[in-house]
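The residues making up each chain are set out below.
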Amino acid sequence: MTNDWVKTTCPYCGVGCGVEANADESGKVTIRGDKSHPANYGKLCSKGLALGDTVVPTGRLTHPYQDGQRINWQQALNTVAKQFRDTIDAHGPDSVALYVSGQLLTEDYYVANKLMKGYVGSANIDTNSRLCMSSAVAGHKRAFGTDTVPGCYQDFEVADLLVLVGSNLAWCHPILFQRVKQAKLDRPNMKIIVIDPRVTDTCDIADLHLPIKPGSDVLLFNALLAYLAANDHQDPEYLSKYTEGAEQALHAAHADQGDLGDLQQIATKLGIDNAKLTEFMALFAATEKVTTVYSQGVNQSTSGVDKVNAIINCHLLTGRIGRPGMGPFSITGQPNAMGGREVGGLANMLAAHMEFTDDAIARVQTFWDSPTMATEPGAKAVDLFNKMEQGEIKAVWIMATNPVVSLPDADRVKAALQKCDFVVVSDCIADTDTTRLANVLLPARGWSEKSGTVTNSERRISRQRAIVPPAGEAMADWWIICEVAKRMGYKQGFNFSHEGEIFAEHAQLSGYENDGSRDFDISAFSNMSNEEFDALTPFQWPMITKGDISLHKRFFAEGNFYTPNRRARLIPVKHRQPAQDVSDNYPLVLNSGRIRDQWHTMTRTGLASKLNAHLPEPFISIHPDTAKQFGLEKEGLANVESHHGSALVRVETSARMRQGEIFMPIHWTGVTSSRARVGALVSPEVDPTSGQPEFKHTPVKVSPWFRQSEALLLTTDDTPIHETEYWVNQRVEQGILYRMASLQGSDTVAGLLQARMQPFIGEQKLSFIDTATGSYRYAVLKEGRLLGCYIVGKRLQRDDYDWLATLLDKPLGSEAMRSIMSGKAQGSLAAGRTVCACKQVGYKTLCAAVKNGATDLDALQCETTAGTGCGSCVPELKEIIQDCAFEEVT
Ligand SMILES: Nc1nc2c(c(=O)[nH]1)N[C@H]1C(S)=C(S)[C@@H](COP(=O)(O)OP(=O)(O)OC[C@H]3O[C@@H](n4cnc5c(=O)[nH]c(N)nc54)[C@H](O)[C@@H]3O)O[C@H]1N2
Ligand SMILES: Nc1nc2c(c(=O)[nH]1)N[C@H]1C(S)=C(S)[C@@H](COP(=O)(O)OP(=O)(O)OC[C@H]3O[C@@H](n4cnc5c(=O)[nH]c(N)nc54)[C@H](O)[C@@H]3O)O[C@H]1N2
Ligand code: SF4
Ligand SMILES: [Mo]
């Protein structure tokens with residue numbers, strides 16, 4: 001290790017934690033939390049802590065390619081520029097598109113947007129943020145006249161009531177969850193309510209959980225609005241001075257309840273206890289300092305925008321906005337979702353929080369000195385791929401997103417890309433579901449190599465800084481975009497030689513003809529030098545004069561909204577059913593979302609073997625009674641089918657699910673699994689205003705998949721192994737672990753896997769066969785080190801095999817040897833599935849400690865050290881205490 005710690009920002013979630021990184025001479029990166037960063041004050045979650053393990057050469061895209069052939073940068077840039085130029089000349093500006101990402105840095109995003117909207121003259125640039133927070137953006141604009149998140153993180157801590165709607169904060173924004181948890185410890189009277197159809201780990205700190213029927217949030221918040229008005233909780237002064245539309249919103253709220261006159265009927269419609277509904281409304285009504293945090297359970301819905309406004313209405317009616325501990329709070333997912341909104345990366349935004357109005361178009365054109373401005377919004381993500389399917393969009397450039405996995409109706413997205421004449425993909429990773437379909441592949445610098453800014457959920461702009469030299473010939477996204485732009489003939493607007501210059505231009509535009517008419521203003525940095533940019537410390541916007549923090553940390557306590565009359569609007573909204581309802585053919589509702597230790601399509605977190613241990617297989621969670629109803633066996637495999645596609649996954653039964661609903665994680669891809677891309681199942685219905693897809697509600701059916709055999713295969717060889725109908729690969733130390741299942745018998749599967757041991761021919765072999773039980777075990781060693789092994793049987797106890805993940809390319813001790821040959825963990829290997837990723841503590845160790853008397857959290861932590869790192873596994877530790885103590889009794 002050297003003494004140089006680089007201050008940078010975590011590239012995962014929108015909490016935007018400050019990280020300090022240190023690279024040694026060999027390039028190995030050590031990570032610690034940045035104590036001075038106001039998002040995390042030194043803490044990091046399991047994903048942040050494992051960042052060092054992802055800075056590895058494995059799987060990197062290091063050179064440009066065209067149709068599988070390596071080319072040099074000049075050829076690559078010329079080809080992309082020429083193809084785009086020719087397509088535009090032949091078919092007009094709308095025949096090309098950019099599909100970008102909330103994981104680009106602001107500087108990358110700014111030039112991509114400038115190229116399309118100001119130079120190509122088309123707004124066909126959309127971003128994966130369409131899938132993420134476009135409903136929040138649209139809701140903000142309807143209510144506030146602009147896309148402002150009014151509050152800051154401190155509100156989470158000083159609120160007396162925190163309402164979490166459709167947010168699994170414990171897993172998706174872990175450091176904020178830790179802050180809230182600490183706040184509740186400090187002030188036990190603080191109340192927390194979780195509104196989510198599932199019981200999640202976030203419920204661990206909740207005083208009340210409302211497991212509402214999926215899609216019914218508008219009904220709930222309309223009922224609340226009516227209740228607040230009926231019980232005299234409006235703020236008449238705030239309403240009359242700063243808002244409009246309260247009467248109409250209330251009228252709609254009443255109408256929504258129709259003949260559901262009493263609360264009991266509303267509760268029934270929401271699918272929850274009347275007592276819980278009453279408790280929620282009474283608590284909200286009685287608490288001045290209430291912050292309502294919402295995320296994808298709200299946004300990813302065909303009534304997403306209405307859900308957002310239903311929530312905001314309640315805050316406006318009570319005047320609880322913009323003061324400490326009060327307000328609606330849309331928490332963003334990606335590290336730079338907010339930065340993307342600031343530069344105008346969405347197809348329906350222009351730039352710097354301006355829209356496609358005549359004034360703004362003229363203003364931006366003057367500022368950019370641009371030849372051809374886009375004059376109207378372009379195609380939103382789902383539409384953009386439809387246009388590709390229809391042949392209207394003929395060339396696309398995809399950056400920092402993996403749409404073949406993450407868009408709804410993903411098999412159709414794949415087909416659209418296959419049909420598209422010219423597909424360019426910029427990524428850091430060579431083999432993804434999307435790079436597989438590229439004509440031209442451009443190697444982008446990754447998190448540890450690039451430099452620029454990101455904005456977190458509380459409007460705080462922080463620097464990301466390079467820690468190590470770039471891999472191979474990888475270049476920064478902003479550089480690649482500018483070089484292509486110049487080759488398309490746009491010399492003037494893209495002559496940047498440092499990312500700081502782009503940031504300064506972005507800052508200038510934010511202040512250009514602003515005079516308080518737009519919320520986003522960071523003109524304090526308009527004349528910033530590259531040296532100042534390099535030294536920039538985290539700050540919150542707006543920032544009009546350098547260092548001036550007297551401006552609002554919060555917006556709207558005293559009105560000043562950004563509507564023409566500067567009043568906020570309460571919006572009349574009505575409950576609508578999700579677009580597709582269950583039917584006899586598709587009787588279950590599919591909900592999809594995240595797990596604790598993986599990030600999206602796993603191209604980065606999947607590199608850290610520690611993070612792969614928590615939940616190593618794609619699965620559905622299903623209530624035990626629903627599982628029984630459909631003949632699914634716990635830990636068995638299920639075929640899941642929707643009108644759009646299918647998947648094959650493990651069955652996890654859990655009483656934390658509502659009956660009739662299943663949950664499936666989003667992380668597995670065509671690269672990491674045989675058939676577990678949830679996107680292939682998801683309906684492409686979108687919210688009519690925001691265009692955000694309904695990822696949380698697709699009707700599906702499930703059926704058991706009767707496997708004859710199961711297998712595990714561990715290998716140092718990188719060649720993909722797809723011998724069985726079901727397979728999942730998991731990166732482990734020094735190699736890959738496959739989990740497999742087949743409709744064929746174990747003898748056949750053993751034969752197939754035996755053939756895969758060919759690369760190791762001539763090395764020392766160990767083999768065990770028991771045809772009576774159908775058990776086959778096989779290991780190959782070189783000089784006592786394990787190169788590969790497999791275990792095949794009719795059934796393998798899934799949780800029993802995590803010990804395999806650590807054995808490769810190490811001298812194989814007798815315990816490990818006995819474990820492989822007996823097919824069962826022996827001695828110290830019997831720790832079980834990893835629960836605590838930081839301290840590497842396994843399930844079995846924890847369960848044993850509980851059975852030995854560590855039946856409260858303190859005792860268990862003290863005994864095993866689990867949960868003493870980032871703390872994200874604490875809810876699970878509590879569950880284990882309950883489960884294992886219970887197992888003991890029964
Ligand atoms: N570990 C991890 N963290 C992440 C990410 C990751 O990939 N992994 N991704 C980041 C990104 S980009 C995002 S956008 C955020 C997302 O963060 P979250 O929104 O917290 O995560 P999700 O799991 O998508 O969904 C949240 C919850 O919505 C619930 N839900 C489903 N339908 C409804 C409904 O109708 N009403 C209500 N009220 N709730 C419902 C689901 O059951 C789920 O628990 O996470 C960020 N953080
Ligand atoms: N069913 C279902 N689908 C969903 C969701 C859901 O809840 N349910 N959630 C949606 C949401 S909220 C989101 S945000 C999306 C996320 O979905 P995606 O954006 O598709 O997922 P990622 O895996 O983050 O893709 C990022 C890609 O960019 C690459 N990359 C990383 N850094 C860089 C860089 O600096 N430059 C370049 N050029 N490339 C880079 C990575 O290797 C990876 O291939 O998924 C959406 N899809
Ligand atoms: S909470 Fe975790 S994933 Fe999110 S920014 Fe912080 S360290 Fe990164
Ligand atoms: Mo997201």
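Bear in mind the structure is a predicted one, so any value in this text is a computation, not a measurement.

**As for the overall build of the protein**
Looking only at helices and strands, the protein features 30 helices and 34 strands. Relative to the compact-globule value of 29 Å for 890 residues, the protein shows a C-alpha radius of gyration of 27 Å, a close match. In terms of its C-alpha atoms, the protein occupies a principal-axis envelope of roughly 80 × 70 × 55 Å. Buried positions account for 63% of the 890 residues belonging to the protein. Here the contacts in the protein between residues at least 6 apart in sequence split such that 72% fall between residues at least 24 apart. Surface exposure of the protein reaches about 31000 Å², of which carbon and sulfur atoms provide 48%. Of the side-chain charges in the protein, 88 are positive and 103 negative, and the distance between the mean point of each set is 2 Å.

**So, the pattern of salt bridges**
What the rule picks out here adds up to 48 salt bridges. One salt bridge connects Asp-89 with Arg-85, and the closest N-O pair in it is separated by 3.3 Å. One end of the pair is Asp-89 and the other is Arg-85, both in helix α3 (residues 73-91) and four residues apart, which spans about a single turn. Residue classification places Asp-89 among the exposed residues on the basis of a relative accessible area of 56%. Between Glu-288 and Arg-320 there is a salt bridge whose closest N-O contact spans 3.8 Å. Placement of Glu-288 in the loop between α13 (274-286) and β12 (290-294) and of Arg-320 in the loop between α15 (304-317) and β13 (327-330) is noted, with a sequence separation of 32 residues between them.

**Some remarks on the domain arrangement of the protein**
Here the domain parsing of the protein yields domain 1 (6-54), domain 2 (65-129 + 336-540), domain 3 (134-330), domain 4 (588-704), domain 5 (709-829) and domain 6 (834-889). When each unit is reduced to the centre of its C-alpha atoms, the spacing between domain 4 and domain 5 is 27 Å. Listed by partner, the interface residues are 20 residues for domain 4 and 15 residues for domain 5. Buried surface at the junction of domain 4 and domain 5, summed over both partners, amounts to about 1600 Å²; 49% is from carbon and sulfur atoms. Counting every contact that joins domain 4 to domain 5 gives one salt bridge. At the surface where domain 4 touches domain 5, the tally comes to seven residue pairs in polar contact (both at pLDDT 80 or more).

**Examining the sheet that holds strand β31 (residues 775-782)**
Paired through their backbone hydrogen bonds, the strands of a sheet run either parallel or antiparallel. Read from one edge to the other, the open sheet built from six strands follows the order β28-β29-β27-β32-β31-β30, with strand pairing classed as antiparallel. The two strands at the open ends of the sheet, each matched to only one other strand, are β28 (726-732) and β30 (764-770). Sheet twist, expressed as the average angle between the axes of neighbouring strands with direction ignored, equals 10°. Sheet contacts for helix α26 (residues 746-755): β27 (709-715), β29 (735-742), β31 and β32 (785-793); angle to β32, the most-contacted strand, approximately 160°. Lying over the sheet, helix α27 (residues 814-822) contacts β30, β31 and β32, oriented at roughly 145° with respect to β31.

**Observations regarding the side chain of Gln-730**
Here Gln-730 shows up in strand β28. Among all residues touching Gln-730, those that are not within four sequence positions of it are Asn-612, Ala-613, Pro-616, Gly-735, Ile-736, Leu-737 and Arg-739.

**Quick look at the UniProt feature "domain: 4Fe-4S Mo/W bis-MGD-type" (unreviewed entry) in the protein**
The feature "domain: 4Fe-4S Mo/W bis-MGD-type" (unreviewed entry), as given by UniProt, occupies residues 3-59 in the numbering adopted here. Helix makes up 14% of residues 3-59 and strand 26%, with an end-to-end C-alpha separation of 29 Å.

**What to know about empty space enclosed by the protein**
On inspection of all chains with the given rule, the structure shows nine cavities of 30 Å³ or more. Taken as a whole, the largest cavity encloses approximately 750 Å³ of empty space. Breaking the lining of the largest cavity down by element, the ones donating at least two residues are α19 (403-406), β15 (422-427) and β21 (588-593). Split by residue class, the lining of the largest cavity holds 20 nonpolar, 16 polar and seven charged. Counting only domains with at least three residues in the lining of the largest cavity, you end up with domain 2 (65-129 + 336-540) and domain 4 (588-704). Empty space within the second largest cavity amounts to approximately 540 Å³. Lining the second largest cavity are 39 residues, with Gly-166, Gln-296, Gly-297, Ser-592 and Lys-696 positioned closest to its centre. Of all elements in the fold, only α7 (169-172), α14 (296-299) and β21 reach the threshold of two or more residues within the lining of the second largest cavity.

Conventions and cut-offs
- Residues numbered from 1 in each chain as written.
- Chains lettered and ligands numbered in written order.
- Predicted model: local features only at pLDDT ≥ 70, side-chain atom pairs only at ≥ 80, totals over all residues.
- Heavy atoms only, no water.
- Helix = DSSP H or I, 4+ residues; strand = E, 2+ residues; numbered from the N terminus.
- Rg over C-alpha atoms; globule rule 2.2 N^0.38 Å.
- Buried < 20%, exposed > 50% of the residue type's maximum accessible area, 1.4 Å probe, protein only.
- Contact = heavy atoms within 4.5 Å.
- Areas by Shrake-Rupley, 256 points an atom, 1.4 Å probe, with all protein chains shown as cover.
- Lys, Arg positive; Asp, Glu negative; His and termini not counted.
- Charge placed at Lys NZ, Arg CZ, Asp CG, Glu CD.
- Salt bridge = Lys/Arg side-chain N within 4 Å of Asp/Glu carboxyl O.
- Domains from an automatic or database assignment.
- Buried area = accessible area lost by both parts, 1.4 Å probe.
- Polar contact = N/O pair within 3.5 Å; in protein donor to acceptor, adjacent residues only side chain to side chain.
- Pairing = 2+ DSSP bridges.
- Axes fitted to C-alpha atoms, helices over the stretch in contact; angles between N-to-C directions.
- UniProt positions renumbered as here; feature names shortened; annotations may be inferred.
- 1 Å grid on protein atoms, 1.4 Å probe; cavity = no way out; pocket = protein on both sides within 12 Å on 5 of 7 lines; lining within 4 Å.
- Points joined across faces, edges and corners; volume = space filled by probe spheres on them.
- Nonpolar A, V, L, I, M, F, W, Y, C, P; charged D, E, K, R; others polar.

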